[in-house]
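# What the coordinates show
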Amino acid sequence: MTSNGIGTLSYEDITALLNDAVTELNVGELLLSNVMTLYDAMTAIEILEPRMDTGMDIPVDQSKLTIKEIESQRFTASQIVGIADQLLALEMTWISGHMLSQTLFCCIYLHRPEEVQCKLLRWLLDAVLKSASLARGAILKSSIHEEEDFCPDTFDFSLYDDPKVGSILVTSDVVARLEEAETGLVSYMEIVPGRDQLPGEGSVFTDLEDFKTLTEELADALVSRIRFRKDYLSGLQELCKGNPDGARQPLDKALSQLSRIESTNRLAAKVDSSIDLQLNRKLFSQAPPRPITILTISDSLKEIASQINYMKQVCAVSTSMKSPKSVLNFLGHFSGRRPTPNILVQSFLKELVIDKDDEFLGKPEVKSVIIDLVSEFWLPPYFSSKDNEMQKLVTEFCSLGDHPMRLRSGLYTKNRSRMRRRLLKAIDSWENWQKEAERLDELMYTRYTGKSNRKTEEDPYYLSSWVYHEKLEMLSLSFLLGFELQLYNVRELPMVFWYCEYLCDVHIKHLERVATFSEIQGKKRGTEKKAKQPNRAKVQNDWCLLSAKRDLWRGLYFLSLALKFLGCIPTPANKQVYSEASHFLYRFRIFLRLGSPTPADYEQFASSCNVHNIKEEELLQYSYDSFQAAKQRFESIVKSQPGPGGSNEKGSLEDLEEQKSLIKLSLANSVTVRSVSMDLASGALKAALSDKSSRIDVGYDLKYHHMYPSICFAVKSAAK
């Protein structure tokens, strides 16, 4: 398979080669070429059936330009504005995960940019191609994309970054030409009002059809797009070079041009003839197209604004990483941003934050990261021991944690669906690490204390306790992602809420154990400086936060249980087929393969639901009280935090904002409880249940927090 350099492929007959290979292959063996994928093989087959060869019988649109007509085209300023805006929309659609052949290269001029006679448009096309090349290179370098995130295949179109195909676009040259165009237009804008003079022949825009009548507003529209392309390309180049400090200023400048681009989009002429969505169906008649919708200009401006803002955040964190814990905290919040960071941002996140300069989370090696994280939780005396054998055991613990730590940090570069699936696999890895940590804890404790007949209750299990703590955090995240991804059916809400409360309770008891040993350790270190004291404040803060979340889950459980008993939550139509016990077992099956925490069984859940002697009104009151308790705890946590810039990193802006949103969530659920109680007291709820023409809608939404749910309840009568 060879290329002719213009986006089409030619094939060489290798039938004889294959026939010779057959004689050497055994049964079950296949012949594989490194440059011929299964996709290439399938798309090489033409069966002359329009339903399969989707490029056949495409009606020719006479209104569209052809590649042969590129050289003869002349442009007005408004057409340049329109093409520039359409290119941005196509570029952002490509970055969102669609094929290059169905997005950017639907613009006819990108097929032969060197034949475009208008300098200004040609230079803008070069900037788009170079930006696409840099973005594609950054994404491929990070190796984090999945097939739904990004399509790296260029379909043999040239981004002018391969010397084997043709000339290479150099970023500095492209930027210099855009600066020349900007300077020329700005100078012209200064003399437009008087019309005392016109630009000389050969100026960057004298080949525009309307340059003699160019208005100041149109010139300003062109300048804003030139500046955006120049600064965006410069920022991308710096990010690809691993220079976040150098990327900040051009990204800021690019962002500042977007409002002007949006306000002058009304000046853009229609350029439908330049954009042909069917163009590449003719070139790739065998390739199945992916149904896509090209972003609107307005949506593409929002997308690029979000992308640049996220890039700036990545730059800020990359240059000011304080500790591995603060970086992990940022990654957790960043991955949940709305709108979701695209694959290009995630690629820079991996290269500039997670694995910057061959470091890991800002440290030269994983061992340093693990020691810092454990030390923030509490201070095992093993780390400071001068005993060589003890240090070997510490090194072994850190080596065993290399893979689990990298798995966990890598989760935050995935889309949310992939993140949850990989999270469940990562938990297995942490489970194995915990088992090994327990073994090492026992060896270290025996060596440190000199007690050969150790007692389990006396061993703090420093290392495995921290691993267990982090594993519990990951298990909680798996539940929360289930809500975010809308995986839970309304009828299973009571069991999910109950299990979330159970998990919080287990985690709280674990922290209480840690606090007890930290207190003992603190007394032993009483004469030392406070800086060396175990971080009991961190454990206490986690305990308070988990207690508030336990109250929240408890309130949700009581509310969903009351709605279930009232008949507002539908039950399976065929109860002989449906088994709630089997459903429970399947939903929480991950706990069955873990050594800890102890899996809660269905009998425990069923027993907690067996409240026949409790009225629905009482359940609703329990729910209301729990939400109020959660609200008060969250408010107390917010008031106790020093906030950004304080002496404690726990007061990060992201944490404060999350806790404030959970306060709103608790209030919203309290309002729902009162609404259900009022409908129940007035008889409206029972009337609606008995009226077949009425409908009761129960569900959950993520209005106040992107992962924690609020219950939705509405009675809709037939009249409504």
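Residues numbered from 1 in each chain as written. Predicted model: local features only at pLDDT ≥ 70, side-chain atom pairs only at ≥ 80, totals over all residues. Heavy atoms only, no water.

## Examining the overall build of the protein chain
Short version of the rule: For helices the rule is a DSSP run of H or I covering at least 4 residues; for strands it is a run of E covering at least 2, with both sets numbered from the N terminus onward. Relative accessibility under 20% of the residue-type maximum defines a buried residue, over 50% an exposed one, and the middle range a partly exposed one, all with a 1.4 Å probe and only protein chains included. In what follows, a contact means two residues having at least one pair of non-hydrogen atoms within 4.5 Å. Surface exposure here means Shrake-Rupley accessible area, sampled with a 1.4 Å probe, where a residue is shielded only by the protein chains that are shown.
Looking only at helices and strands, one finds 23 helices and 4 strands in the protein chain. Looking at the protein chain residue by residue over its 720 residues, the buried ones come to 50%. In the protein chain, once contacts between residues fewer than 6 apart in sequence are set aside, the share between residues at least 24 apart is 77%. Entry remark: accessible area of the protein chain is about 34300 Å², with carbon and sulfur atoms responsible for 51%.

## Looking at helix H7 (residues 244-263)
Our working rule: Expected helix span is given by 1.5 Å per residue-to-residue step, counting one fewer step than there are residues.
The end-to-end C-alpha separation of H7 is 30 Å, in line with the 28 Å expected for 20 residues at 1.5 Å each. Listed in full, the buried residues belonging to H7 are Pro244, Ala247, Pro250, Leu251, Ala254, Gln257, Leu258 and Ile261. Buried residues belonging to H7 abut helix H3 (77-95), helix H6 (216-240), helix H9 (297-318) and helix H11 (343-354).

## Regarding the side chain of Ser560
Residue placement: Ser560 occurs in helix H18 (residues 536-566). Sequence-distant contacts of Ser560, that is, excluding residues within four places in its chain, are made with Leu493, Pro494, Phe497 and Ile569.

## A look at a nonpolar patch on the surface
Note the following rule: Patch membership needs two things, relative accessible area over 30% and no salt bridge, and members are linked within 9 Å if like-charged or within 5 Å if nonpolar (Val, Leu, Ile, Met, Phe, Trp, Tyr). Definition used for salt bridges: Asp or Glu carboxyl oxygen within 4 Å of a side-chain nitrogen of Lys or Arg.
On the surface, a cluster of nonpolar side chains totalling about 430 Å² of accessible area is made up of Ile14, Leu17, Leu18, Leu25 and Leu31. Structurally, Leu17 is set in helix H1 (residues 15-22). We classify Leu17 as exposed; its relative accessible area is 53%.

## Quick look at the packing of aromatic side chains
Worth spelling out the cut-off: Two rings from Phe, Tyr or Trp (for Trp, the six-membered ring) form a pair when their centres are within 6.5 Å of each other. A pair whose planes differ by under 30 degrees is stacked, one over 60 is edge-to-face, and the rest are tilted. In this analysis the charged atom, NZ for Lys or CZ for Arg, is taken to sit over a ring once it is within 6 Å of the ring centre and within 35 degrees of the ring normal.
Considering all chains together, one arrives at 37 aromatic pairs under this definition. Relative to Trp553, the ring of Phe483 lies with its centre 5.7 Å away and its plane at 20 degrees, an arrangement referred to as stacked. In this pair, Phe483 is assigned in helix H16 (residues 462-484) and Trp553 in helix H18, connecting sequence segments 70 residues apart. With a relative accessible area of 0%, Phe483 lands in the buried category. Over the face of the ring belonging to Tyr624 we find Arg674, whose NZ or CZ atom lies 3.8 Å from the ring centre.

## Focus: the side chain of Ser318
Inspection of the secondary structure puts Ser318 in helix H9. On the basis of relative accessible area, Ser318 is assigned to the buried category, the value being 4%. Dropping the residues within four chain positions of it, Ser318 is found in contact with Pro244, Leu352, Val353 and Lys356.

## Details of the environment of Leu124
Within the fold, Leu124 resides in helix H4 (residues 119-142). As a C-alpha pair, Leu124 and Ile83 span 41 residues in sequence and 9.5 Å in three-dimensional space. The residues contacting Leu124, other than those within four sequence positions of it, are Ile80, Ala84, Leu178, Arg225, Ile226 and Arg229.

## Here's the deal with the packing of H4 against H6
Short version of the rule: Think of each axis as a best-fit line through the C-alpha atoms, taken over the contacting stretch in the case of a helix, with angles from 0 to 180 degrees between the N-to-C directions. When an angle is under 35 degrees it counts as roughly parallel; over 145 it counts as roughly antiparallel; between 65 and 115 it counts as roughly perpendicular; any other value is oblique. Handedness of each helix crossing follows the sense of rotation of the near helix against the far helix: counterclockwise by less than a right angle gives left-handed, clockwise gives right-handed. Side-chain classes are defined by residue name, with Ala, Val, Leu, Ile, Met, Phe, Trp, Tyr, Cys and Pro counting as nonpolar, Asp, Glu, Lys and Arg as charged, and the others, Gly among them, as polar.
One can describe the packing of H4 onto H6 by two numbers: an axis separation of 10 Å at closest approach and a directional angle of 25 degrees. Relative to H6, H4 is oriented roughly parallel. Crossing of H4 over H6 shows left-handed handedness. Facing Leu120, Leu124, Ala127, Val128, Lys130, Ser131, Leu134 and Ala138 of H4, the residues of H6 in contact are Leu222, Arg225, Ile226, Arg229, Tyr232, Leu233, Leu236, Gln237 and Cys240. Here the residues of the contact of H4 with H6 are counted per class, giving 12 nonpolar, 2 polar and 3 charged.

## Overview of the nonpolar core
Keep this limit in mind: Nine residue types can take part in a nonpolar core, namely buried Ala, Val, Leu, Ile, Met, Phe, Trp, Tyr and Cys, and a core is a set of them joined through side-chain atoms within 4.5 Å.
Core analysis: the largest hydrophobic core is formed by 209 residues, its most contacted members being Leu104, Tyr109, Leu331, Phe397, Met405 and Trp466. At 15 residues, the largest contribution of residues to this core is made by helix H17 (residues 493-524). Not counting residues within four places of it along the chain, the set of residues in contact with Leu331 comprises Leu349, Val353, Ile354, Leu361 and Tyr412.

## Structural notes on the packing of H7 against H9
Put simply, H7 and H9 touch, their axes get as near as 10 Å, and they point 160 degrees apart. Judged on the interaxial angle alone, H9 and H7 are roughly antiparallel. Handedness of the crossing formed by H7 with H9: left-handed. Each of Pro244, Ala247, Arg248, Leu251, Asp252, Ala254, Leu255, Leu258, Ile261 and Glu262 in H7 lies in contact with H9, whose residues at this interface are Ser298, Leu301, Ile304, Ala305, Ile308, Asn309, Met311, Lys312, Cys315, Ala316 and Ser318.

## Considerations on H16
An ideal rise of 1.5 Å per residue puts 33 Å on 23 residues; H16 measures up with 34 Å between its terminal C-alpha atoms. Where burial is concerned, most of H16 is hidden: 21 out of the 23 residues are buried. Looking at the residues trailing H16, positive phi occurs at Gln486, about 55 degrees.

## Some remarks on the pattern of salt bridges
Considering all chains together, one arrives at 39 salt bridges under this definition. We note a salt bridge from Arg408 to Glu470, for which the minimum N-O separation is 2.4 Å. Taken as a pair, Arg408 in helix H14 (residues 402-411) and Glu470 in helix H16 lie far apart in primary sequence, 62 residues in all. Neither residue differs from the other here; Arg408 and Glu470 are each classed as buried. By sharing partners, the salt bridges in this structure join Glu146, Glu148, Lys414, Arg418 and Arg422 into a single network.

## Quick notes on the environment of Ile370
Take Ile370: it is sitting in helix H12 (residues 366-377). The exposure class of Ile370 is buried, given its relative accessible area of 0%. Note: C-alpha distance between Ile370 and Cys398 (28 residues apart in sequence) is 6.5 Å. Other than its neighbours up to four places away in sequence, Ile370 contacts Phe397, Cys398, Gly401, Asp402, Met405, Trp433 and Trp466.

## Side note on unusual backbone geometry
In the segment running from Arg338 into Pro339, the intervening peptide bond is cis, with an omega of -5 degrees. Of note, the bond from Ser596 into Pro597 is cis; its omega dihedral lies within 30 degrees of zero at 0 degrees. Its location among the elements puts Pro597 in the loop between helix H19 (580-587) and helix H20 (602-609). One non-glycine residue with positive phi stands out, namely Asp357, at about 50 degrees. Looking at the element boundaries, Asp357 is found in the loop between H11 and H12. Judged by relative accessible area, which is 58%, Asp357 ranks as exposed. In the Ramachandran plot, Tyr461 falls in the positive-phi region, its phi being about 55 degrees despite a non-glycine side chain. As for its position among the elements, Tyr461 is in the loop between helix H15 (416-449) and H16.

## Observations concerning the confidence of the model for the protein chain
The predicted coordinates of low-pLDDT regions are not to be read in fine detail. Here is the rule we go by: pLDDT expresses how confident the predictor is about each individual residue, on a scale running from 0 to 100.
The pLDDT averaged across the protein chain works out to 86; a share of 86% of its residues lies at or above 70. Across residues 193-197, confidence stays below pLDDT 50; counting only partners more than four residues off in sequence or on other chains, it has 6 contacts. Confidence drops under pLDDT 50 across residues 527-534; counting only partners more than four residues distant or on other chains, this segment forms 12 contacts.

## Things to note about the environment of Ser335
Just so we agree on the cut-off: As used in this structure description, the phrase polar contact means that two N or O atoms lie within 3.5 Å; if the pair is within protein, one of them must be able to donate a hydrogen and the other to accept it, and residues adjacent in sequence are counted only when both atoms belong to side chains.
With respect to the secondary-structure elements, Ser335 resides in helix H10 (residues 324-335). With 78 residues separating them in the primary sequence, Ser335 and Thr413 have C-alpha atoms 7.2 Å apart. Each residue touching Ser335, except ones within four places of it in the same chain, is listed here: Tyr412, Arg416 and Met419. Of note is the side chain of Ser335, whose polar atom sits 3.0 Å from the side chain of Arg416.

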